[in-house]
Amino acid sequence: MDAMTLPPFPDTFPRLMKDGPHMANPSIWDSRICNCRLLDDDDDDDDDDNTKIKNKEEKREKIQSLDSHLKTVKELVKACADQVTRTATDLKAAEATHTDMINSQSDVIQITKRISRSKLWNTADYRQYLSTLTEHRHVMDVYGYLNLLKEGNSAIRSKTFNNNNNTGNNDDATQKDKDAKNDKNKRSRRFDWDYYRTCTSEGLRSVCYKFALSPNRVGIKLEDNLTLPNGFSWDKLMPQEDGTNTNTNTTKIEATPSDPKDWEPPLVEESDPRTFASDMVGSGELILLSTAHGETDDAHPELLDPLRGCRYVAAMELAFEPRIRRHLRAIYRLNAVLTTRPTKKGLDSIDYFHEFYGLHLLRQKPIKDHFPMDEREAELRKTGLSLEERQMLDEETKRRERDSCLQFMNLLKAERSNHLKIHIHLPYTDQGDDAHWYKQKDDFFNSREMQDHSCLMTELEKVYLPSNDDSTEWNDERRKILRLALTSILLPQFEAETRRDLREASTKIAIDAAGKNLQRMSMEGPYRPSHLLGENRFIQPTGDLKIVGVSVSSDSRDASYLAALSERGELTDHLAIPVGTQVDDPKMREKVITFLMHARPAAILVGTHGGLSSRLVSRKLGDLVTQATERWNNRGIQGQDEDDDEFQEKQKQFELMYNIHDDDEEEDFEWKCNVDLIDDNVSQLFGRSVRGKKEFPEASVNLKCAISIARHAKDPLAELCYAWSVASDMGTFGTEMLFLNIHPLQQVLPKSILLREYERALCHAVAQVGVDVNLACTFDHLHGLLSFVPGFGPRKAASLKQSLVRTGGVVASRKDLLAKRFLGPVVYSNAVAFIRIRSVGALENKSLHPLDDTRLHPDVYHRHNWAVKIAKDAFEIAETSESGADKENETYTALRDAMQDSKSQVKALFLATKEEYEHVHGRWDDVGKWDPKINVPSERWQDKVEDLDLETFAEMIETNNMGKWLSHLIMIKWEFRLPFEDPRKPMEPLDREVLFQLITGETDQTLCAGKEVTGKVARNTEFGSRIKLEGDVPGFIPLRNLADGHVESAEDIVKVGSVITAIITEVKKDHMCCDLSLKSEDFLRQPSEWGRPKSLPPLDQFFDKHSASLLEADMNKEREARMAALQLTLKKTRIDGNESMDVDQNEKRSSRVTRRACAHPAFRNARNDEVLKELKEGGESMVGEALIRPSSKVADCLAVNWMFRPGIIKVIEVSEEDKDNDASIGNTLKIKDEAYGSIDELLARYISPLNDRVEEAINHRKFSKLSEDHVDEKLKQMKKANPAGVFYYLCWNEKYPGYLSLRYIINTARHHAIGLAPDGFVWFRKTYPTLDKLLNAFKINPRGPSTPSMPPKSSKPQPPSRPSESRAPRWGARSIPAPPSVPPPPPTNTYVAPVTAVAASGWNQPPPALPPLPNYQPMPSHPPTNSWGPPPPPPPPPTYPPNLHH
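The following paragraphs examine the structure supplied in this document. The structure displayed is predicted, hence computed values, not measured ones. (Residues numbered from 1 in each chain as written. Predicted model: local features only at pLDDT ≥ 70, side-chain atom pairs only at ≥ 80, totals over all residues. Heavy atoms only, no water.)

### Re the packing of aromatic side chains
For step 1, the next point in the chain: Under the definition given, this model contains 34 aromatic pairs.
For step 2, the next point in the chain: With centroids separated by 5.5 Å and ring planes inclined at 85 degrees, the aromatic side chains of Trp193 and Phe320 adopt a geometry described as edge-to-face. Note that Trp193 is positioned in the loop between α8 (172-187) and α9 (194-201) and Phe320 in helix α13 (residues 308-320), a separation of 127 residues in sequence.
For step 3, the next point in the chain: Consider the rings of Phe211 and Phe276, whose centres lie 6.2 Å apart with planes at 80 degrees: the pair is edge-to-face. Of the two residues, Phe211 is situated in the loop between α10 (204-208) and α11 (215-227) and Phe276 in helix α12 (residues 273-283); the sequence distance between them amounts to 65 residues.
For step 4, the next point in the chain: Owing to a relative accessible area of 0%, Phe211 belongs among the buried residues under this scheme.
For step 5, the next point in the chain: Here the aromatic residues Tyr1288, Tyr1304, Trp1323, Phe1324 and Phe1338 are joined through ring pairs into a cluster of three or more.
For step 6, the next point in the chain: Between Arg635 and the ring centre of Trp632, over which it is positioned, the NZ or CZ distance is 4.1 Å. (Phe/Tyr/Trp six-rings, centres within 6.5 Å; stacked < 30°, edge-to-face > 60°. Helix = DSSP H or I, 4+ residues; strand = E, 2+ residues; numbered from the N terminus. Buried < 20%, exposed > 50% of the residue type's maximum accessible area, 1.4 Å probe, protein only. Lys NZ or Arg CZ within 6 Å of the ring centre and 35° of its normal.)

Structure, rendered in structure tokens:
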């Protein structure tokens, strides 16, 4: 037993550890314990029972003890094994790390050398620099510089570590993780920095600073030179070189003298750049790199320069240094200029009267005018000026800045429409041809090498080049770095920054201007009838009046309406004027008079949306109002032949008819009424809005417009707020305001910012005017005002209205808003001063607090009682100890007395002023402009309140530590005199300029003297011809202006119904018409000779007038040549007045295709492919237009290229007859049997009606944009779903352009070809005026007539015969036969052009050179007939240019 006893555990564990990990095996201990158990069992057989029992207990205890020890040993052995394993792993890792550190020691040194931190960054210096910055842009410069250095440093470390990893043994998992991380970093990098990263990773940064100065030192030198009076000091110390240390845990560094050489670029002695580069390449420090763009060395020999990458790294880090960017940016802003030049579209369309004229040839305008003046420059200019002169200088500077910013917004608008291009640059060193500089190619304007950047280079060379003489070769290398930094990095970034800053500054100014325009609109007061214009509004307010609004329909299918509104803006009655009925027709006349006598309005206001019809209706209503007022005002006059009984019976009938009662206030009322025109843009918006449909769901559009016209006249601010109150689908309020023409530039401004500015403008206006809370919560059209009360909003306004509706009452005092919890304390305190409690409606006979209808806050008359004290002190009423109702009555009485006394004083001052003025000057016509706050000196006020010393009272209050109340006390005095007076001036009558624009829709840009217009002859008189221009503007051509020579009769020159092009000589805005001329001398006058309208902005001082005049002269020369050729063909005297040039009458006509001498804007002397190319460049804006060219097939034919829908063009052959010679256009143009006297007439009578047919077709309910196959598939699905039905759709005929395809299904899918004609739609040779009537005929007989007529075969056009009579004058129209009743058959030569679009055309476009004309085979002019015989379709559609006179 003793031999088998186990050694103690403390001795055993160390021995096992000495034996090594392999001895720590639990199995050894298990075998020894088992042997012990066997020996114990053998000894038990020789003992007696007691001994056995005792021994068994001892053995059991030993076994338990051994088991416990065994368990402990197992745990210790396991822990020991784990510890040994970890120790071995850590030892191996430590050995590997130690080996890597030893191996990478050279890499760390290499990375440190390549990063060159001391050359690029000084932490203390940049911290100090950042602490001085105030602009966000300068902070972002530091951020950009840090990012650049970070990219370069990351590239250096990645390059070194990747090289080390490639030579080491990394496991696949670690390598994959690193690759994934690198890929993520690559995705976040800037691609334009790839070449920089490549260069820095190859160690070129450390090489470049062997001969270049570090960027941070260049920045410091540049800043000191430009900001310090004495410039840069060579003994300047960098932070941490002057003895300071940012680390407080280390010992302070002793200051050492600064070496001036540190501020100069390093000098490479006894070596030129080529030798230096060769040595660096030989040593392995410099590596040759390929270009960033991958060019070959043969094409670019400069790429062989080994220092090219070094220069690029130095240039990049120099260009991103924050100090350098800051000061070079300032220099750039001072010297940069703006240049504009017209595009091809601009050259064709911008004439002297165009809105962008004066903007298209700006030449080197300094951009500093668009920004606030530099502080130093401003102080320098103000030196020696007085205070008033300084204020005038500041105002002039702000005005110039505002005008320049608005001009730049117009430039952006023109650039967006592709009329011109904007270039921001430094002044050019050479612009080549000075007169035609704008014709330079884009490469010239985009090149920075052509710009004069000496202003930047000079400053950089001062600080970058060494002060002592270095070799020319090394200075050239440094100059290459500066030039690269400027031309390739800084200048492009500065140009982009400047353009962005200009846009932001201009947007801010334009939005502010738009907000002021809306505020001006909202601060327009209610309409004041003419009978009140002789009274002052402070003495006799306008009040709530009955108004009748009139909306004249601009659509011949809709009726016009008169709407009568009550004093609160509620619709009481309306009257419709049917279509085709005049307001003064005999039957309509009495209805209108009766309607007006029932309504008895103070004014009748006619909206201008109806154009000239509105002007005519207003005049006629004026006559009817005169008759109606006479009947009403003479109702109490008894006729001479009328006895008393008849008179009394008539009186009763009159009172019964017009609801007059004995106690009616209007029994002795004298009715006065006037008719006026009013701008109805806001009203037209209401008529078509969701709110209008919600309030009047059954009313027509014109009736809703008439209601809004009257409401707008009563309160323009309420209508504008009502327009704001509707939210869009996105939940944005005020989107309807974007449809109002508030500012000319509002379409190019950011919508969200613009709406915020509009909201501020409306809030400001509502705060000045105030809101009657009871009326606003009662009527929907006034509820919008509540949303703009300060402290309110749409949600709080809606909650207040719901609370009042729920309680079923009204607000009787301001205190009730808080007491009844309609408003919270904070909202109440902010909004209560702008809320009015008026004695109207349900509160008309109630006793209200007098000051609840003033601008005074309840704090001054409830909380502190200052207003009550002023009223009592004014009348020397002592304070009493009464309380309750008696004290309240006493307070109300004192306030009313004080307010009545002040009000009577206002009237007395007005009468005294009027008497004085009339005594000196006679009749006072400007009575309404008198304002007691402005026109009455303080010493003339003699009311009771004026006797009080409010300043002393305010000092007493302030002495008692109750605050400063002087401004409130002065407000109390003025509210006593003018309680909540309306600051808005009455609505001004429309002046001639505004009225002309509203009635005609024309401005000085679209209609002015010298502009060519197209119109139709309406009537010939003995004095001239009356012309109806586009837009229904009437024109008149006197006899003297009908031709160059003497004219006996207008009928000899122009015929009624002919379309002519004339030039405007005068616009008579008072008469809503213009005078025209057909004389050649007027057409040949320079546009500048007509004079620029005053309403157009003046020409900029940097506008190149010389180039503009040369451009205008070139255009006029081309036009004169075409006019001369045209006059030659007409056998008339040349325009210049020389002898006539006759053409041989017997000259034979040739049969060859030739160019035409035609000056029409829609004509092109070009081939088919050239015309198609022009159409393709035009875009969808010209869909429906037609361009005419000589036919390439027949000599006496023209081809009309007409785009009737996007991407599809149809070519129509037009025959010419009665030609004077080969170069002339035929006097008669024919499409089959239809004759036209000119190109204008062809476009007006043929193309324009067909465009209407196209518009009607695509807007029809049965029209589908799907292809024919898809339509057939859809019809089959519908038939399958409903076998008993007959379904049909319209779509475009894909095989034959210009035709519709009527697809239908009875049993199988079939179709009909539907043609387009000027007077309708053609189906089986029959013309239907509308598509609905054609479909009705189709429903009766879906298969069509049983006997179809075969289409006529196409025949070659015969040469036209020369008529004996001479052609009509140039600007006249030839008499032509009447059009046939049946539409002409389709032309014989048509084809489908490639997918294209239409181009814009202009009068001044020169004819292009005509190459040899190709011949093409004609395609079938009509689709083949079906088995049951559909006829061929009608002629194809063309178009008349809609805005030709523009």
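### A word on helix α6 (residues 123-131)
For step 1, the next point in the chain: When we look at burial in α6, the residues that qualify are Ala124, Asp125, Tyr126 and Tyr129.
For step 2, the next point in the chain: Between the side-chain oxygen at the start of α6 and the backbone nitrogen of Ala124 there is a gap of 3.3 Å, and the oxygen is on Asn122. (Polar contact = N/O pair within 3.5 Å; in protein donor to acceptor, adjacent residues only side chain to side chain.)

### What about the packing of helix α34 (residues 866-874) against helix α35 (residues 885-921)?
For step 1, the next point in the chain: Direction vectors running N to C along α34 and α35 enclose 65 degrees, while the axes themselves pass 9 Å from each other. Judged by the angle between their axes, α34 and α35 are roughly perpendicular. The interaxial crossing formed by α34 with α35 has left-handed handedness. Across the interface between the two elements, Ala867, Val868, Ala871 and Lys872 from α34 touch Glu890, Thr891, Ala894, Leu895 and Ala898 from α35. (Axes fitted to C-alpha atoms, helices over the stretch in contact; angles between N-to-C directions. Parallel < 35°, antiparallel > 145°, perpendicular 65-115°, else oblique. Left-handed = near helix turned anticlockwise from the far one by under 90°. Contact = heavy atoms within 4.5 Å.)

### Here we look at the sheet that holds strand β18 (residues 1208-1217)
For step 1, the next point in the chain: Pairing is antiparallel in the open sheet, where 5 strands are placed in the order β16-β17-β18-β19-β20. Each edge of the open sheet is held by one strand with a lone partner, namely β16 (1186-1190) and β20 (1234-1236). On average, each strand axis in the sheet is inclined to that of its neighbour by 30 degrees, with strand direction left out of account.
For step 2, the next point in the chain: Pairing of β16 with strand β17 (residues 1197-1205), which is carried by 5 bridges, proceeds in the antiparallel orientation. Note that in β17 the partner of Ala1186 across the bridge is Trp1202.
For step 3, the next point in the chain: Docked against the sheet, helix α42 (residues 1168-1178) engages β16, β17 and β18, running at close to 160 degrees with respect to β16. (Pairing = 2+ DSSP bridges.)

### So, the pattern of salt bridges
For step 1, the next point in the chain: Tallied over the entire structure, the rule returns 72 salt bridges.
For step 2, the next point in the chain: A salt bridge links Asp780 to Lys801; the shortest N-O distance between them is 2.7 Å. Within this pair, whereas Asp780 is found in helix α30 (residues 780-783), its partner Lys801 is found in helix α31 (residues 794-807), the two being separated by 21 residues in sequence.
For step 3, the next point in the chain: Note on Asp780: relative accessible area 42%, which makes it partly exposed.
For step 4, the next point in the chain: A salt bridge links Arg1261 to Asp1332; the nearest nitrogen and oxygen atoms lie 3.2 Å apart. Residue Arg1261 is found in the loop between α43 (1239-1258) and α44 (1268-1281), and its partner Asp1332 is found in helix α45 (residues 1331-1340); the two are separated by 71 residues along the sequence.
For step 5, the next point in the chain: Residues participating in the shared-partner salt-bridge network are Arg137, Asp141, Arg325, Arg329, Arg333, Glu497 and Asp501. (Salt bridge = Lys/Arg side-chain N within 4 Å of Asp/Glu carboxyl O.)

### As for the sheet that holds strand β23 (residues 1309-1317)
For step 1, the next point in the chain: What the 5 strands build is an open sheet, ordered β21-β22-β23-β24-β25; its pairing is antiparallel. The open sheet has two edge strands, β21 (1287-1292) and β25 (1326-1328), and neither has a second partner. Between one strand and the next, the sheet's axes are offset by a mean angle of 30 degrees, whatever the strand orientation.
For step 2, the next point in the chain: Across 6 bridges, strand β22 (residues 1300-1305) lies against β23 in antiparallel orientation. Note on β23: the bridge partner recorded for Leu1300 is Ile1314.
For step 3, the next point in the chain: Sitting on the sheet, α44 touches β21, β22 and β23, and the angle it makes with β21 is about 170 degrees.
For step 4, the next point in the chain: Against the sheet, α45 touches β21, β22, β23, β24 (1320-1323) and β25, its axis set at about 25 degrees to β24.

Taken by themselves, the reported measurements are silent on function.
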